[in-house]
Amino acid sequence: MNGKVITTRQTMVVGAALILGAAFALSAKSQTAPAAAPPAPPAAAAPPAAAGPSPARVAIENRKAVYTLIGNNFKPLAALLKGSPYDAATVQKSIARLVFLSGLVADAFPDVSNVGEPDTKAKPDIWTSRADFDKKVKEFQTHLVALQVLNDTDKEATEAFKTAATAIGQDCKACHDLYRAK
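In this report, the structure presented in the accompanying data block is examined. (Residues numbered from 1 in each chain as written. Predicted model: local features only at pLDDT ≥ 70, side-chain atom pairs only at ≥ 80, totals over all residues. Heavy atoms only, no water.)

## A closer look at the overall build of the protein chain
Inference 1: Within the protein chain, the secondary structure is distributed over six helices and zero strands.
Inference 2: Seen in sequence order, the protein chain has helices and strands lined up from the N terminus as α-α-α-α-α-α.
Inference 3: Buried positions account for 24% of the 182 residues belonging to the protein chain.
Inference 4: Within the protein chain, contacts between residues at least 6 apart in sequence are counted, and of these 78% link residues at least 24 apart.
Inference 5: Surface exposure of the protein chain reaches about 12,300 Å², of which carbon and sulfur atoms provide 64%. (Helix = DSSP H or I, 4+ residues; strand = E, 2+ residues; numbered from the N terminus. Buried < 20%, exposed > 50% of the residue type's maximum accessible area, 1.4 Å probe, protein only. Contact = heavy atoms within 4.5 Å. Areas by Shrake-Rupley, 256 points an atom, 1.4 Å probe, with all protein chains shown as cover.)

In structure tokens form, the structure reads like this:
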């Protein structure tokens, strides 16, 4: 405890010294005459500031990024379902990431991003049937958490694990069938 108090005091002393040093330097600087500024170049027309991407474009890019990450992190689970060996560290990491990413899905569809093809494959039905879409997202999240709990308990690709992972794949397919343009 004593060492922590000394460290805190030392930090306070060093901080105070830095502040006083900066104040002294600024005070000295303000007492000297300013250097003559070089002549300004002739005024040139500044290019217009770039407006940047629209809010719809930003939302669509974010959404695509979330789904790319979901797809990439589901691949190890899909490989398990096809007979690949169970790698505990990879499976645990993938499931944890999927649980996190699933929390971003509902926010990835703000109203402003309902622009249709060719900018997005998200069908307008997402926004006109929002309650059903949100229900499907919630089911996806619930199934992922259940898989995470199961994996934490079993730590192997049991039949229960495979059934839970298959349910998640079916969640994806059900949503894509209804809400994603082919």
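## Examining the nonpolar core
Inference 1: Ile-70, Leu-77, Phe-109, Ile-126, Phe-133, Leu-147 and Phe-161 are the most contacted members of the largest nonpolar core, which has 27 residues in total.
Inference 2: Mapped onto this core, the elements with two or more residues apiece are helix H2 (55–81), helix H3 (88–105), helix H4 (125–128), helix H5 (130–154) and helix H6 (159–179).
Inference 3: In this structure, Phe-109 is in contact with Arg-63, Tyr-67, Ala-122, Ile-126, Trp-127, Arg-130 and Phe-133, ignoring residues within four places of it in sequence. (Core = buried A, V, L, I, M, F, W, Y, C linked by side-chain atoms within 4.5 Å.)

## What about the packing of H5 against H6?
Inference 1: In contact at an axis separation of 9 Å, H5 and H6 are set at 165° when each is read in the N-to-C sense. By the angle class used here, H5 and H6 are roughly antiparallel. Of the two possible hands of crossing, H5 and H6 adopt the one that is left-handed. Counted together, Asp-132, Phe-133, Lys-136, Glu-139, Phe-140, His-143, Leu-144, Leu-147, Leu-150 and Asn-151 of H5 and Ala-160, Phe-161, Ala-164, Ala-165, Ala-167, Ile-168, Asp-171, Cys-172, Cys-175, Leu-178 and Tyr-179 of H6 form the full contact between these two elements. (Axes fitted to C-alpha atoms, helices over the stretch in contact; angles between N-to-C directions. Parallel < 35°, antiparallel > 145°, perpendicular 65-115°, else oblique. Left-handed = near helix turned anticlockwise from the far one by under 90°.)

## Considerations on unusual backbone geometry
Inference 1: Residue Pro-118 is bonded to the preceding Glu-117 through a cis peptide linkage, with omega at 5°.
Inference 2: With respect to the helices and strands, the residue Pro-118 is situated in the loop between H3 and H4.
Inference 3: One non-glycine residue, Lys-155, lies in positive phi territory at about 55°.
Inference 4: Topologically, Lys-155 is positioned in the loop between H5 and H6.

## Some points on the environment of Leu-98
Inference 1: Within the secondary structure layout, Leu-98 lies in helix H3.
Inference 2: Between the alpha carbons of Leu-98 and Leu-144 there is a distance of 7.1 Å; along the sequence they are 46 residues apart.
Inference 3: The contacts of Leu-98, once residues within four sequence positions are left out, are Ile-70, Asn-73, Phe-74, Leu-77 and Leu-144.

## Brief notes about the packing of aromatic side chains
Inference 1: Evaluation of the coordinates by the stated rule reveals five aromatic pairs.
Inference 2: Aromatic rings pair up to connect Tyr-67, Phe-109, Trp-127, Phe-133 and Tyr-179 into one cluster. (Phe/Tyr/Trp six-rings, centres within 6.5 Å; stacked < 30°, edge-to-face > 60°.)

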